[in-house]
Each structure stands twice: as structure tokens, then as C-alpha cells.
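Descriptive structure summary
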Amino acid sequence: MAASTSQTLRLNPIRNASLSLSSKLPLSSAFSVSLNPRWRQQSRRLVLIVSAGLDAKPTILVAEKLGAAGLDLLKDFANVDCSYNLTPEELCTKISLCDALIVRSGTKVSREVFESSGGRLKVVGRAGVGIDNVDLAAATEHGCLVVNAPTANTVAAAEHGIALMAAMARNVAQADASVKAGKWQRNKYVGVSLVGKTLAVMGFGKVGTEVARRAKGLGMHVIAHDPYAPADRARAIGVELVSFDEAISKADFISLHMPLTPATSKVLNDETFAKMKKGVRIVNVARGGVIDEDALVKALDAGIVAQAALDVFTVEPPAKDSKLILHENVTATPHLGASTMEAQEGVAIEIAEAVVGALKGELAATAVNAPMVPAEVLTELKPYVELAEKLGRLAVQLVAGGSGVKSVKVTYASARAPDDLDTRLLRAMITKGLIEPISSVFVNLVNADFTAKQRGIRITEERIILDGSPESPLDFIQVQIANVESKFASAISESGEIKVEGRVKDGIAHLTRVGSFEVDVSMEGSLILCRQVDQPGMIGTVGSILGEENVNVSFMSVGRIAPRKQAVMAIGVDDQPSKESLKKIGDVPAIEEFVFLKL
Ligand SMILES: NC(=O)C1=CN([C@@H]2O[C@H](COP(=O)(O)OP(=O)(O)OC[C@H]3O[C@@H](n4cnc5c(N)ncnc54)[C@H](O)[C@@H]3O)[C@@H](O)[C@H]2O)C=CC1
Ligand SMILES: O=C(O)C(=O)COP(=O)(O)O
């Protein structure tokens with residue numbers, strides 16, 4: 001049987017998970033647990049930490065050009081220092097006099113910046129989407145909130161993608177240079193038409209959707225690949241969601257709109273270029289790192305890729321003698337996707353409001369981290385916070401690619417009175433676990449509801465009130481994802497949802513149910529789930545396959561319906577087994593299906 005494997009990459013460790021409480025955080029309508037006054041008091045105190053020490057007018061350093069409307073908003077509240085093109089050393093010197101810093105993609109906000117601030121820097125505002133130039137872990141460690149502006153430049157980026165595609169197809173840049181050089185080469189610059197061509201949109205998020213909409217208007221046939229986008233959202237604008245291989249092999253044009261994550265790094269490479277139609281054309285306004293640039297040069301030389309139009313590069317600015325930039329079939333722009341007057345005004349206002357709000361002690365909906373961890377809350381909830389994130393992470397990995405996650409039900413079983421258990425933290429961590437493996441968004445208590453809503457994920461919560469001692473905050477947490485297919489059919493419960501359940505035992509998160517099967521495996525390292533016919537020797541067989549390549553098994557547990565009937569075996573492993581070992585497990589005759597999951 002075919003092996004079903006799945007991997008996720010953890011983008012930021014739990015200790016940087018940026019947990020914070022705010023009395024201003026809107027609770028979703030589905031969330032009915034009210035806060036105990038004790039929690040509210042703590043929350044307010046925590047929020048005030050952000051604005052502590054700001055009795056005098058704060059100082060905001062704007063390190064890259066920002067729209068005037070945003071600057072006006074900042075000036076109403078703070079002293080604003082607009083200093084562009086600072087060297088890293090100059091930035092480090094200035095930062096000790098600043099309460100907030102606003103940047104775009106051209107400024108590296110490194111650990112040194114936070115270290116040099118001497119604790120004064122309270123907020124970093126990224127006037128745009130990508131936050132890869134900000135050291136988030138360092139920000140969190142230094143108690144600095146990071147906010148971004150995720151929506152105001154969406155249309156600008158989409159329009160630039162379309163502009164590049166049309167310019168590329170009609171050789172606009174090359175022909176312009178030729179005319180300016182005194183030539184008149186009408187035969188050389190015959191282009192190709194867009195109408196009737198197939199465009200594959202890779203990453204059907206905010207920008208990808210807007211590109212698809214516009215390309216439909218140009219008469220293109222649009223397909224998209226995004227393993228996590230809901231099919232109905234795509235269908236609504238006449239776009240078919242397809243697999244990665246189908247998208248790249250059918251496309252005449254490929255436009256990239258996924259975030260740069262470990263999973264998307266160099267996703268266009270020698271192997272994937274070889275699967276494309278000869279003469280394909282590629283547009284990239286996402287991030288340079290999603291393409292292996294050396295492989296692209298080879299594909300251009302071989303004629304597999306006829307042309308490429310690129311706004312973003314692995315290193316920006318790229319080397320002057322870069323073979324890619326100098327290639328005659330490449331059209332390049334200097335990261336201009338967000339650079340329209342309108343988008344920059346919008347982004348400036350969005351970021352100015354977020355930074356001013358944060359300096360006032362409010363928590364912004366677009367916060368990408370939130371540094372204050374209330375010690376009392378975390379001490380008690382910490383193991384459950386970890387359990388919650390891992391259950392989310394595990395559940396989303398069980399979803400078969402293509403079926404979008406829309407409806408998630410979380411059940412908390414506890415002997416505590418509802419208002420004595422603040423589940424916002426837990427829900428945020430489940431959301432984090434569900435979303436982070438599939439996007440570049442950083443999810444925390446502050447932005448979890450916002451992020452889930454933006455992605456069309458509805459998270460409902462339910463409480464089971466247990467008898468017994470309220471000493472421990474929770475007995476178990478259950479996460480169910482409805483209306484999806486699973487790559488591990490046994491994870492589907494009798495009622496048709498993917499279901500996982502976990503408990504904390506001796507301070508460690510344990511997976512205690514998968515679908516209808518009870519298991520018991522500590523949620524550390526990685527996990528292999530196998531469905532098998534219950535029979536002697538199975539644990540030994542799988543154990544020895546793993547043992548052969550020195551993969552350490554930390555836990556094994558078998559949940560079965562009845563002796564000699566169907567069973568699910570959960571195996572915790574410290575190391576990642578090779579593809580060959582996983583294949584051998586899949587080839588064991590009694591194993592009907594299995595899945596490899598990273599926690
Ligand atoms: N060139 C420029 O100036 C600009 C570039 N950008 C970049 O564009 C990209 C997209 O931005 P948004 O649409 O705002 O983000 P988004 O988060 O709304 O959309 C990203 C989409 O990619 C999907 N995705 C995640 N992993 C994937 C995978 N392995 N394969 C296919 N799809 C996958 C996600 O499910 C999501 O739907 C980001 O990298 C952003 O930094 C955004 C604005 C301006
Ligand atoms: O918002 C983004 O992710 C962008 O890439 C735009 O970058 P910029 O603000 O123009 O430097």
C-alpha cells in the first residue's frame with residue numbers, strides 16, 4: 001500500500017510562542033467562556049507593561065520611506081525621527097533613544113538592534129506583509145511587540161504580478177531597451193498571447209486570489225495549487241484547486257504567491273522544472289527563496305522556461321553580475337510589488353495605527369508576537385498550552401491535501417467552573433498549531449482569532465464539565481476538524497470528523513485518542529500512526545525496521561476495537577525515519593495504512 005507521509009516545520013519554538021493576555025482582545029462569538037475577574041486584573045496589568053515608562057512623548061524611528069498619512073498619525077502622538085538608509089551600526093546607535101521602530105523589507109532588525117536598545121524599544125512596525133527581516137525570537141526575548149500591515153498592499157502586489165506577466169509575454173522591457181538603443185526590431189520581439197492560456201497560481205491566499213481574479217478577466221484559464229485553501233473559495237471565482245504536479249505540468253504561466261517557509265524554500269528546482277511544459281513562463285512577486293535561482297538559470301538556458309519575470313530575489317539587491325538578472329529572457333524589478341502610492345498610503349496608515357495603539361498599551365490585531373507572558377497563567381497552563389498546539393499541529397497534518405480546513409471544534413473537559421478557566425490561550429495555541437505549518441503567519445493569543453477568521457476557519461469551543469477535583473485545570477482536550485478528508489482514514493471518528501484527543505500526564509502532553517481508537521503516546525519528537533489487523537508480532541516487526549537504522553522509539557501504544565480486529569498503533573520516535581524505512585513499514589502486509597507526523 002502507498003505510504004502516506006506528512007511533515008511540518010516548526011517556525012518558532014513554543015518558548016517564543018508569544019503568549020500574552022489582553023482585556024482588549026475580542027472574543028469570538030463562538031466563545032462563551034467569560035473571564036474570572038482575577039484574570040481580567042492580570043490582563044490589564046500585563047498590557048500596561050507595554051506603555052510603562054512612556055510618560056513623556058515617545059520617540060518613533062521611521063527607518064524607511066513611509067506614506068505621509070501614516071507619518072501624520074505618528075506625529076500626532078510621538079516625536080518622529082525619519083532617518084533612511086542607516087547602516088546597521090547607525091541603527092544600533094539610534095535605537096537606544098527610540099520607543100518604536102518602523103521598517104519595510106530593506107532594514108534588517110537583527111538581534112543586535114534589540115540588544116542595543118537597552119530595553120527601551122517597545123514596538124517594531126513592519127510596514128508590509130513579510131516579517132522575514134525582523135528577528136522575532138530576539139524581539140520576544142527583549143519584550144518587544146512586532147506588528148505588521150498584512151492587507152493594505154495585497155492589490156498592489158497582485159497588480160504587479162499581472163503587470164510583470166503581461167510585460168514578459170510581450171517583451172516590453174527588452175523591446176523598450178532596444179528602441180532606446182536606436183534599434184527597431186519588430187520581428188525579434190514577437191510575443192505570446194495571454195488569452196486562452198493556462199495560469200497556475202501557486203499559493204491561493206490574499207495576493208494569489210487577486211491575481212487569479214484579474215487573470216480570469218484577461219481570458220486565461222486559471223488553476224491554483226494551495227493545499228490549505230478552501231475549494232469553495234476557489235470555485236466561487238471559477239478556479240480549480242489542483243495538486244502541485246498537476247499545476248506545474250499543465251501551466252503555460254506559473255505565478256508564485258506562497259510565503260517563504262522551510263516547506264516552500266526552493267520549491268521550484270531542477271526536479272520540478274523538469275516536470276513543466278517546455279516554454280513555460282514564470283512570475284515571482286512572493287519571495288526569491290521559493291525558487292532555486294541556479295536551477296532557474298539552467299532551465300532558461302535549456303528553454304524549459306521561456307521567460308521569467310521576477311520582483312524578488314534570494315539576496316536583495318542581487319549581485320550586479322548575477323546570471324539570472326542578466327539573462328535576456330528575464331524581466332526584473334527591484335521588489336516593487338507593494339510600491340504604489342495607494343498601497344504605501346494604506347500600509348502607512350495601517351502600521352501607524354498599530355504602532356500608536358501598541359505604544360498606548362493596546363494590542364493590535366496584526367501583532368505577530370506578544371511578549372508578555374503572565375507567569376501565574378503560564379505556570380499552570382504551560383503543559384496544556386503545549387498539548388493544545390501539538391493537537392492542532394497533528395490534526396492539520398492528518399488533513400488530506402486539497403481539502404481546506406474550515407470548521408474546527410475544540411472540546412475542553414474540566415472540573416473547573418467555566419469562568420475559572422481561560423481557554424483563550426489554549427484556543428490560540430490550537431489555532432497556531434493548525435495554521436503555522438501551512439503559512440508564514442505567526443499566530444499568538446493576540447492574532448489567533450483574526451488569523452483564523454481571515455482564513456475562513458471557524459473554531460467553536462465546547463466545555464464538558466466533569467465532577468471531581470478542580471485542582472488540575474483540564475482533564476482532556478479534543479480537536480475535531482469537520483468536512484475534510486484524512487490522509488489516515490482511521491483518524492475519522494464515527495461522526496465523520498478528524499478527531500484527536502490529548503491529556504497531560506506527569507507534565508507531558510500525551511495523545512490519547514485518534515478517531516475512534518484510544519492510544520497513549522507522549523507527544524514529543526515525531527509520531528508514526530499505523531492501522532493494522534491486531535495480531536502478535538506487529539510491535540516487534542515495526543520496531544525492528546526502525547531499529548535497523550537506529551531510530552529510537554520513545555513510546556508505543558496500540559488501541560484496538562477488539563482482540564484480532566482492527567487496531568491503531570502509535571509509535572513515538574526521536575529521529576526522523578528515512579523514506580526507505582517508512583516504505584518498509586507500509587509494506588508490512590498487516591499494515592493497512594500509516595502516516596508519519598512531526599510534532
Ligand atoms: N513583492 C512584494 O512587494 C510583495 C510580496 N508579498 C509576498 O507575497 C506572498 C503572499 O502574500 P499574501 O497573499 O499576503 O499571504 P497569504 O498568507 O494571504 O497567502 C499565502 C498562501 O500560500 C499558501 N501556502 C502555504 N504553503 C503553501 C505551499 N506549500 N504551496 C502552495 N501554497 C501554500 C497559504 O495556504 C496561503 O493561502 C508572501 O510571501 C508575501 O511576503 C506580499 C506583498 C508584496
Ligand atoms: O509586504 C511585503 O511582504 C513586501 O514584500 C513588500 O515589501 P516592501 O514594504 O515594499 O519593502
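What you are looking at is a predicted structure, and each value in this text was computed from that prediction instead of being measured.

**Examining the site of ligand 1**
Around ligand 1, the surrounding shell holds 27 residues, and the nearest of these are Lys206, Val207, Asp226, Val285 and Ile438. Interatomic distance of 2.9 Å between a backbone N/O atom of Val285 and a nitrogen atom of ligand 1. A distance of 3.2 Å separates an oxygen atom of ligand 1 from a polar backbone atom of Ala338. Protein chains bury 93% of the 860 Å² of accessible surface belonging to ligand 1 in isolation. Among the residues forming the shell around ligand 1, the class breakdown is 13 nonpolar, nine polar and five charged.

**Looking at the pattern of salt bridges**
A complete count under the given rule lists 27 salt bridges for this structure. Close ionic contact of Asp245 with Lys275 constitutes a salt bridge, the shortest N to O distance being 3.4 Å. Linking Asp245 in helix 10 (residues 244-250) with Lys275 in the loop between helix 11 (270-273) and strand 11 (280-284), this pair joins segments that are 30 residues apart in sequence. Owing to a relative accessible area of 37%, Asp245 belongs among the partly exposed residues under this scheme.

**As for the site of ligand 2**
Close contacts around ligand 2 come from Arg104, Ser105, Arg126, Ala127, Gly128, Val129, Gly130, Asn153, Arg287, His335 and Ala338, and that covers them all. In the model, an oxygen atom of ligand 2 is placed 2.6 Å from a nitrogen or oxygen of the Val129 main chain. At 2.8 Å from an oxygen atom of ligand 2 is found a side-chain nitrogen or oxygen belonging to Arg287. In the complex, the protein chains occlude 90% of the 310 Å² of accessible area that ligand 2 would expose alone. Classifying every residue of the shell around ligand 2 by side-chain character gives three nonpolar, five polar and three charged.

**Looking at the packing of helix 6 (residues 154-169) against helix 8 (residues 206-217)**
Put simply, helix 6 and helix 8 touch, their axes get as near as 8 Å, and they point 50° apart. When the axes of helix 6 and helix 8 are compared, the pair comes out oblique. As for how helix 6 packs across helix 8, the hand of that crossing is right-handed. Contacts between helix 6 and helix 8 involve Thr154, Val155, Ala157, Ala158, Glu159 and Ile162 from the first element and Lys206, Val207, Glu210, Val211, Arg214 and Ala215 from the second. A per-class count over the contact of helix 6 with helix 8 returns seven nonpolar, one polar and four charged.

**Focus: the environment of Ser116**
On the secondary structure map, Ser116 appears in helix 4 (residues 111-116). In sequence terms Ser116 and Thr93 are 23 residues apart; their C-alpha atoms lie 7.1 Å from each other. Residues in contact with Ser116, not counting those within four places in the same chain, are Cys92, Ile95 and Ser96.

**Structural notes on a negative patch on the surface**
The grouping of Asp72, Asp76, Glu159, Glu342 and Glu345 at the surface amounts to a negative patch. If you list the elements that add at least two residues to the negative patch, you get helix 2 (68-77) and helix 14 (341-359). Structurally, the position occupied by Glu345 is in helix 14.

**Quick look at the nonpolar core**
Membership of the largest hydrophobic core comes to 52 residues, with the highest contact counts inside it found for Leu394, Leu398, Val408, Ile477, Ile481, Leu511 and Leu529. At nine residues, helix 15 (residues 375-397) tops the list of elements feeding residues into this core. Residue-level mapping places this core at the junction of two domains, with at least three residues from each of domain 3 (373-515) and domain 4 (522-598). Residues contacting Leu511, with those up to four places away along its chain left out, are Leu391, Leu394, Val500, Glu501, Gly502, Val519, Asp520, Val521, Met523 and Leu527. By size, the runner-up hydrophobic cluster in this structure holds 30 residues, among which are Ala247, Ala251, Val290 and Val330.

**Digging into helix 12 (residues 293-301)**
Buried residues of helix 12: Ala295, Leu296, Val297, Ala299 and Leu300, and no others. Where helix 12 is buried, its residues touch helix 11, strand 12 (305-310), helix 13 (323-326) and strand 13 (330-332). The positive-phi residue at the C-terminal boundary of helix 12 is Gly303, with phi of around 80°.

**Here we look at the sheet that holds strand 17 (residues 498-505)**
Sheet architecture is open: six strands sit in the order 15-14-16-17-18-19, paired in mixed fashion. The sheet is open, and its two borders are formed by strand 15 (458-465) and strand 19 (517-522), each paired with just one other strand. Between one strand axis and the next, the sheet turns through 20° on average, direction left out of account. Here five bridges tie strand 16 (residues 476-482) to strand 17, and the two strands are oriented antiparallel to one another. Directly across from Gln478, in strand 17, lies its bridge partner Glu501. In this fold helix 16 (residues 424-435) packs onto strand 14 (407-414), strand 15 and strand 16, with an angle of close to 140° to the strand it touches most, strand 14.

About the criteria used
Residues numbered from 1 in each chain as written. Chains lettered and ligands numbered in written order. Predicted model: local features only at pLDDT ≥ 70, side-chain atom pairs only at ≥ 80, totals over all residues. Heavy atoms only, no water. Near = heavy atom within 4 Å. Polar contact = N/O pair within 3.5 Å; in protein donor to acceptor, adjacent residues only side chain to side chain. Areas by Shrake-Rupley, 256 points an atom, 1.4 Å probe, with all protein chains shown as cover. Nonpolar A, V, L, I, M, F, W, Y, C, P; charged D, E, K, R; others polar. Salt bridge = Lys/Arg side-chain N within 4 Å of Asp/Glu carboxyl O. Helix = DSSP H or I, 4+ residues; strand = E, 2+ residues; numbered from the N terminus. Buried < 20%, exposed > 50% of the residue type's maximum accessible area, 1.4 Å probe, protein only. Axes fitted to C-alpha atoms, helices over the stretch in contact; angles between N-to-C directions. Parallel < 35°, antiparallel > 145°, perpendicular 65-115°, else oblique. Left-handed = near helix turned anticlockwise from the far one by under 90°. Contact = heavy atoms within 4.5 Å. Patch = residues over 30% accessible without salt bridge, like charges linked within 9 Å, V, L, I, M, F, W, Y side chains within 5 Å. Lys, Arg positive; Asp, Glu negative; His and termini not counted. Charge placed at Lys NZ, Arg CZ, Asp CG, Glu CD. Core = buried A, V, L, I, M, F, W, Y, C linked by side-chain atoms within 4.5 Å. Domains from an automatic or database assignment. Pairing = 2+ DSSP bridges.

From the geometry alone we can't say anything about function, so treat these as descriptive.
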